[in-house]
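Coordinate analysis (summary)
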Amino acid sequence: MTDKIEIALTVNGRTYAVRTEARRTLADVIREDCGLTGTHTGCEHGVCGACTVIVDGEPVRSCLMFAVQAEGKIIRTVEGLAKGNELHPLQRAFIEHHGLQCGFCTPGFLMLATAALENGLEIDDDKLIDVLSSNLCRCTGYENIIKAVRAAADEMRGQR
Amino acid sequence: MKPAPFVYHKPRTVDEAVTILAEVAPLYGRVLAGGQSLVPSMAFRLARPAHLVDINNVTGFDRLAVDGDALSIGAAVRHTSFHRPVTEGPLGKLLAFVVQHIAHYPIRTRGTFCGSLAHADPASEWCLVAATLDATMKAKNLRNARDIPADSYFEGIMSTVLKEDDILVEARLPILTADTRFGFYEFNRRAGDLALAMALVLYRIKDGAIVEPRIGIGGVETRPRRLREAEAALTGREPNSANFRAAAEAVAEAVDPLEDTQASAAYRRDLLRAVVSRALERASV
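Since we're looking at a predicted model, the values are computed, not measured.

Points about the overall build of chain A
For chain A, the helix and strand inventory stands at five helices and five strands. Start at the N end of chain A and walk to the C end: the helices and strands fall as β-β-α-β-β-β-α-α-α-α. A globule of 160 residues ought to have a C-alpha radius of gyration of about 15 Å, and chain A, at 16 Å, matches this closely. Taken along the three principal axes of its C-alpha coordinates, chain A extends 50 × 30 × 25 Å. Within chain A, buried positions represent 46% of all 160 residues. Taking all contacts inside chain A whose residues are at least 6 apart in sequence as the whole, residues at least 24 apart take part in 57%.

Structure below.
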């Protein structure tokens, strides 16, 4: 019944061999088996967005996907954003614009925004607010997150 | 908040999927598509399936194509597939407009069109689209395959005529003629929440008069449906605010609204007046 299944997960370019029950979510396996605790679990039913990761280029709630479903897919988490000691433009922008206070929601917002920008989100205000409404933040009131993403978008566009 | 144990099945073909489902359905086996409704239910242990048949890897289920006069939407086609118009003309635009109202972006990347139809939440946008456009649902099990018209598909809250061993393998939406106008309006308290009331309307204008109107409502009753009496009353009328308000009033009179912690029946009825009227106005511009 609760037999464990052997899978290989590719997270941030590294392959993790994992033995897990099918019932375990991608969020739990990323945290507990891969040891990547930057991905946070909040509500565990798809509402808060703290567990957002990027799977095959798309932002997903990792609490609403079973780890066994992610085999063979390219998974990216917040740990993969920085290059060595150099932070990703979004990470820097969140610091500069005070886009976080307690930081619990931050990994989810960073992965959501990364995917949205990489997938060509147009940064008009309505669209940006609509995308950022996917995730919950109880500290910032969202305004500073919006400012941070807009600033990072400008910077990333300049680099292209 | 952890799902109960289950046996995981990963079929690669439709035949394999219906064969496995036939075997495990009586043992509380369920189909897993996008999982954006099923997995939360499992986390709360409201659902405790003993087997999950994951149809995400079934060959052909990602098919989204125009076949003659219909748009065929495979069982694993995700909501995000509709972000950009998938066909020329009004249907593609309609789907691209409506999809923006479904949950949030990271939910739309996983959730599927057919999964929404199978789940049949009364406030599902895709269920409203299927009911209003008279979609055809293609169900398949080990013994047979059949087409189910929308008006005999929905039974009630999260209930359809699908049997436990059926897979909804495809939904077909009729292609809309180039002169078809549509209007959609949804009311909810926060972005991404389920609708407290919504309406999808379609009509054409010929010689200054409304022809072939369709008025569909969702989030109000136990299932989405067309309001044929109100449609008949609108036929041949001029598309103006007075006629739109009269049609909205007729709709509001004809429904039997749900009552829950979110809204009373009277409030839903009142909302419906506004959303039908606004959908009709949107279609007119």
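Topic: the sheet that holds strand β1 (residues 7-9) of chain B
Residues and elements named next belong to chain B. Taken in spatial order, the three strands line up as β1-β3-β2 in an open sheet, and their pairing is parallel. Where the open sheet ends on each side, the last strands, each with one partner, are β1 and β2 (29-32). In this sheet, adjacent strand axes meet at a mean angle of 25° when their direction is disregarded. Sheet topology places β2 next to strand β3 (residues 51-54); four bridges connect them, and they run parallel. Note on β3: the bridge partner recorded for Leu32 is Asp54. In the packing of helix α1 (residues 14-24) onto the sheet, the strands contacted are β1, β2 and β3, and the crossing angle to β3 comes to about 170°.

Some remarks on the domain arrangement of chain A
Residue and element names in this part refer to chain A. Under the domain assignment used here, chain A contains domain 1 (4-80) and domain 2 (89-159). When each unit is reduced to the centre of its C-alpha atoms, the spacing between domain 1 and domain 2 is 21 Å. If you look at the interface, domain 1 gives 14 residues, while domain 2 gives 13 residues. For the side of domain 1 that touches domain 2, the elements supplying multiple residues, two or more each, are β3 (52-55) and β4 (58-61). Tallying contributions element by element places β3 first for the side of domain 1 that touches domain 2, with three residues. Tallied by class, residues from the side of domain 1 that touches domain 2 come to seven nonpolar, six polar and one charged.

Thoughts on the packing of helix α8 (residues 241-254) of chain B against helix α9 (residues 265-284) of chain B
Residue and element names in this part refer to chain B. Remark: α8 packs on α9, axes separated minimally by 8 Å, with the N-to-C direction vectors making an angle of 145°. For the pair α8 and α9, the sense of crossing is right-handed. Along its contact with α8, which presents Ser241, Phe244, Arg245, Ala247, Ala248, Glu249, Val251 and Ala252, the element α9 presents Arg269, Leu272, Arg273, Val276, Ser277, Leu280 and Glu281. Broken down by class, the residue content of the contact of α8 with α9 amounts to eight nonpolar, two polar and five charged.

A few points about the environment of B:Ser159
Counting through the fold element by element, B:Ser159 comes out in strand β9 (residues 159-160). Distance in space between the C-alpha atoms of B:Ser159 and B:Asp121 is 8.1 Å, their sequence separation being 38 residues.

Points about the sheet that holds strand β5 (residues 70-74) of chain B
Residue and element names in this part refer to chain B. The strand order across the open sheet formed by five strands is β4-β5-β10-β6-β7, and the pairing between neighbours is antiparallel. The two strands at the open ends of the sheet, each matched to only one other strand, are β4 (64-67) and β7 (145-149). Along the sheet, successive strands turn relative to each other by an average axial angle of 25°, direction set aside. The pairing of β5 with strand β10 (residues 167-174) spans five bridges and is classified as antiparallel. Bridge assignment links Ile73 to a residue of β10, and that residue is Ala171. Packing against the sheet, α1 makes contact with β6 (136-140) and β10, and its axis sits at approximately 125° to β10.

Here's the deal with the interface of chain A and chain B
Every contact between the two is made by 25 residues of chain A and, on the other side, 23 residues of chain B. Secondary structure elements with two or more residues in the side of chain A that touches chain B: β4, α3 (106-118) and α4 (125-132) of chain A. It is β4(A) that contributes the most residues to the side of chain A that touches chain B, four residues altogether. Of the residues assigned to the side of chain A that touches chain B, the class counts are 11 nonpolar, eight polar and six charged.

Re the environment of B:Ser277
All names here are of chain B. Here Ser277 shows up in helix α9. On the basis of neighbour counts, which here come to 23 C-beta atoms within 10 Å, the residue Ser277 falls in the buried class. Counting along the chain gives 35 residues from Ser277 to Ala242, while the straight-line C-alpha distance between them is 9.6 Å. With near-sequence residues (within four places) excluded, Ser277 lies in contact with Phe244, Arg245 and Ala248.

Re the pairing of strand β2 (residues 14-21) of chain A
With eight bridges joining them, strand β1 (residues 4-11) of chain A and β2(A) adopt antiparallel strand pairing. Across the sheet, the residue bridging to A:Leu9 is A:Tyr16, located in β2(A).

Observations concerning the domain arrangement of chain B
All names here are of chain B. Along its sequence, chain B is carved into domain 1 (7-54), domain 2 (64-174) and domain 3 (181-284). Placing a centre on the C-alpha atoms of domain 2 and another on those of domain 3 gives a separation of 20 Å. At the junction of the two partners, domain 2 supplies 20 residues and domain 3 supplies 20 residues. Of all the secondary structure elements, the ones that give two or more residues to the side of domain 2 that touches domain 3 are α3 (90-99), α6 (125-133) and β8 (154-156). The leading source of residues in the side of domain 2 that touches domain 3 is α6, at five residues.

Procedures and definitions
- Residues numbered from 1 in each chain as written.
- Chains lettered and ligands numbered in written order.
- Predicted model: local features only at pLDDT ≥ 70, side-chain atom pairs only at ≥ 80, totals over all residues.
- Helix = DSSP H or I, 4+ residues; strand = E, 2+ residues; numbered from the N terminus.
- Rg over C-alpha atoms; globule rule 2.2 N^0.38 Å.
- Buried ≥ 20, exposed ≤ 12 C-beta atoms within 10 Å, placed from the backbone.
- Contact = placed C-beta atoms within 7 Å.
- Pairing = 2+ DSSP bridges.
- Axes fitted to C-alpha atoms, helices over the stretch in contact; angles between N-to-C directions.
- Domains from an automatic or database assignment.
- Nonpolar A, V, L, I, M, F, W, Y, C, P; charged D, E, K, R; others polar.
- Left-handed = near helix turned anticlockwise from the far one by under 90°.

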